Amino acid sequence: ERTEKMAKNQLKGSIMLLLTALIWGCAFVAQSKAMDSVEPFTFQAARSILGALVLIPLIIFNSNTKPESKRKTSAADRKILVTGGIICGVLLCLASNLQQFGIVTTTPGKAGFITAMYILLVPVFGLAFGKKVEPKIWFCILVAAIGLYFLCVADVTIPQNASFFQKLSAALTALKFTSGDIYVILCAVVFAFHILAVDRFSPLTDGVKLSCIQFFTCAVISAVLMFIFEKPSFANIVSAAVPILYAGIGSCGVAYTLQIIGQKYTQPTVASLVMSLESVFAVLAQIVIMHIVPSNREIIGCVLVFAAIIVAQLPSLGKKAASGNM
């Protein structure tokens, strides 16, 4: 009976995480559609404030139901919470706005796969903190780089009788990064640092409160930049209400809550692999909602990047899952 209950909980957790990946994947389309009415900083400010507000009821619920939440926190604990929230918020703001500027000139599907490459960058940047990188990670980075080439290369005709160097030159010439691609690549780099920051602070404080503070921080910074560089209009914000509400309430609030609950019932390996489907859902949402079908070349790039991400997670997370269940 206990085994059956555990199996049901694991299935429930996996379904919750699958819904999380679906919501996050579709958010790329929402971000793209919002750009028809509002500018990037305006969108991020509105989305982030909604995300923070949606988490407040969850914080109140936790404080009323969890005994540990009722303990008085020390000044040191509050300092860690606020400091961690602000640091994570600054990084989230930078990454999110880079992604938003990128989506203006690139497709949601491509943005989803390029952003997902932060999973490969996290262990590499972890070298600065004395963490080791498995040889497999370097191979996965190489595969992902090849996938990125296919995602960003332009169509080019190479004569069959061309020499190797002529073919190489033509292939490199065909590599054309749009400004959107570059923004999203930089976004993936910053998201890797954001993950390291969350990894540093989340074990030391309440994760939901940390996330709420980071969303508020992102909202404040984005709002300041919005008033400096953009001309926000209430009418335009209203016209973009659906994607803003989806990205703020759905992507930040609902998906984050599903992730927290789902991960309680799911092994780390399974959880990470299921949530990696976010990039796949981004492409599917792009096809279904926006009717933009990726080319064969882009599909090859997506497959290579996705394969690299999956393989990169298996060894280390598998070990973590094994040790965590002992």
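Reading the values: rules and limits
- Just so you know, the residues in each chain are numbered from 1, in the order the chain's sequence is written.
- Local features in a predicted model are, by the rule used here, given only for residues with pLDDT of at least 70; side-chain atom pairs are given and counted only at 80 or more, and totals for whole chains, interfaces and linings are based on all residues.
- Calculated side-chain values reflect all of the structure's heavy atoms, with hydrogen atoms and water omitted.
- Only protein atoms enter the 1 Å grid used here, on which a cavity is any set of points holding a 1.4 Å probe that cannot leave and a pocket is any open set flanked by protein within 12 Å on both sides along at least five of seven lines; residues with an atom within 4 Å of a point are listed as lining.
- Grid points are joined across faces, edges and corners, and a volume is the space filled by probe spheres set on the points.
- Numbering goes from the N terminus for both helices and strands, where a helix is a DSSP run of H or I of at least four residues and a strand is a run of E of at least two.
- When a carboxyl oxygen of Asp or Glu is within 4 Å of a side-chain nitrogen of Lys or Arg, the pair counts as a salt bridge.
- The rule is simple: take the accessible area with a 1.4 Å probe, protein chains only, and divide by the maximum for that residue type; under 20% is buried, over 50% is exposed, in between is partly exposed.
- Helix axes are fitted only over the stretch in contact, all axes being lines through C-alpha atoms; the angle between N-to-C directions runs from 0 to 180 degrees.
- Oblique is the label for every angle not falling under 35 degrees (roughly parallel), over 145 degrees (roughly antiparallel), or within 65 to 115 degrees (roughly perpendicular).
- Whether a crossing is left-handed or right-handed is set by the direction in which the near helix is turned from the far one by less than a right angle, anticlockwise for left-handed and clockwise for right-handed.
- Two residues qualify as a contact provided that any one of their heavy atoms is within 4.5 Å of a heavy atom in the partner residue.
- Three categories are distinguished: nonpolar for Ala, Val, Leu, Ile, Met, Phe, Trp, Tyr, Cys and Pro, charged for Asp, Glu, Lys and Arg, and polar for the others, with Gly belonging to the last.
- Only Phe, Tyr and Trp rings take part, Trp by its six-membered ring, and two of them pair if their centres are within 6.5 Å. Stacked means planes under 30 degrees apart, edge-to-face means over 60, and tilted covers everything else.
- You can read pLDDT as the predictor saying how much it trusts each residue, on a scale of 0 to 100.
- The definition of a nonpolar core used throughout is a set of buried Ala, Val, Leu, Ile, Met, Phe, Trp, Tyr and Cys residues joined through side-chain atoms within 4.5 Å.

Student: Sorry if this is basic, but what is going on with the layout of surface pockets here?
Tutor: Once rolled over the atoms, a probe with the size of a water molecule shows which space is left empty. Here the second largest pocket defines a volume of roughly 160 Å³. Along the walls of the second largest pocket sit F113, V280, V283, L284, I287, P294, I299, C302, V303 and F306, which together make up its complete lining. Looking at the lining of the second largest pocket, the elements that each hand over two or more residues are α13 (278-290) and α14 (296-324).

Student: How should I be thinking about the pattern of salt bridges in this particular structure?
Tutor: Where charged atoms from two side chains of opposite charge approach closely, those side chains can pair. As enumerated under the stated definition, the model contains one salt bridge in all. Put simply, K110 and D181 hold a salt bridge, and the shortest N to O gap is 3.6 Å. One end of the pair, K110, is in helix α4 (residues 108-115); the other, D181, is in helix α8 (residues 179-201), and 71 residues separate them in sequence. Each member of the pair K110 and D181 is classed as buried.

Student: Please explain unusual backbone geometry as it appears in this structure.
Tutor: Where the residue is not glycine, phi is negative for most of them; where a peptide bond is considered, it is trans in most cases. Backbone geometry places H291, a non-glycine residue, at a positive phi of 60°. Of note, H291 is situated in the loop between α13 and α14. With relative accessibility at 65%, the residue H291 sits in the exposed group.

Student: I tried to follow the packing of helix α2 (residues 40-65) against helix α3 (residues 75-105) on my own but got confused; where do I start?
Tutor: Axis angle and axis distance: for two packed helices, these are the angle between their axes and the distance between the axes, and together they describe the pair. Relative orientation of the contacting elements α2 and α3 amounts to 130°, with a least axis distance of 9 Å. On the basis of the axis angle, α2 is oblique to α3. Helix-helix and strand crossings are classified by hand; for α2 and α3 the assignment is right-handed. Of the residues in α3, those touching α2 at P40, F41, F43 and Q44 are S96, N97, Q100, F101 and V104. Taken together, the residues of the contact of α2 with α3 break down into five nonpolar, four polar and no charged.

Student: Would you mind going over the packing of aromatic side chains with me for this structure?
Tutor: Working definition: an aromatic ring pair is given by the centre-to-centre distance plus the angle between the planes. Enumeration according to the criterion identifies six aromatic pairs in this entry. Seen from their ring centres, F41 and F101 are 5.2 Å apart, and the 70° between their planes marks the pair as edge-to-face. Residue F41 is found in helix α2, and its partner F101 is found in helix α3; the two are separated by 60 residues along the sequence. Both rings, one in F41 and one in F229, keep their centres 6.3 Å apart while their planes meet at 35°; by these two values the pair is tilted. Of this pair, F41 sits in helix α2 while F229 sits in helix α9 (residues 207-229), placing them 188 residues apart in sequence. Exposure remark for F41: the relative accessible area of 12% places this residue in the buried category. On the basis of relative accessible area, F229 is assigned to the exposed category, the value being 59%.

Student: I tried to follow the packing of helix α1 (residues 2-34) against α3 on my own but got confused; where do I start?
Tutor: It is at 9 Å that the axes of α1 and α3 come closest, and there the two elements cross at 70°. Considering their axes alone, α1 and α3 lie roughly perpendicular with respect to each other. Contact residues: F28, Q31 and S32 in α1; Q99, Q100 and I103 in α3. Counted by class, the contact of α1 with α3 contains two nonpolar, four polar and no charged residues.

Student: Is there a simple way to think about the confidence of the model for the protein in this case?
Tutor: Predicted coordinates in regions of low pLDDT should not be interpreted in detail. Summarising the model, the protein shows a mean pLDDT of 85, and 87% of its residues fall at 70 or more. Confidence, read as mean pLDDT per element, is least for helix α7 (residues 164-173) in the protein (63) and greatest for helix α10 (residues 234-239) (95). The model gives residues 317-326 a pLDDT under 50, and that stretch makes nine contacts with residues more than four places away or in other chains.

Student: What is the right way to read the environment of Q10 from this model?
Tutor: Relative to the assigned elements, Q10 resides in helix α1. A sequence separation of 257 residues divides Q10 from Q267, and the C-alpha atoms of the two residues are 8.1 Å apart. Ignoring anything within four residues of it in the chain, the contact list for Q10 reads Y265 and T266.

Student: What is the right way to read the environment of P123 from this model?
Tutor: With respect to the secondary-structure elements, P123 resides in helix α5 (residues 118-125). With residues up to four places along the chain from it excluded, the contact list for P123 reads V133 and I137.

Student: So what exactly am I meant to see when it comes to the nonpolar core here?
Tutor: Most often, soluble globular proteins keep nonpolar side chains buried together rather than apart. Among the nonpolar cores identified, the biggest contains 25 residues, and F113, I114, L120, L151, V305 and A308 are the most heavily contacted of them. Looking at this core, the elements that each hand over two or more residues are α4, α5, α6 (135-152), α13 and α14. The biggest single contributor to this core is α6, with seven residues. Ignoring sequence-local partners within four residues, the contact set of V305 consists of F113, M117, A144, G147, L148 and L151. In this structure, L92, C187, C212 and C252 belong to the second largest nonpolar core, which totals 17 residues.

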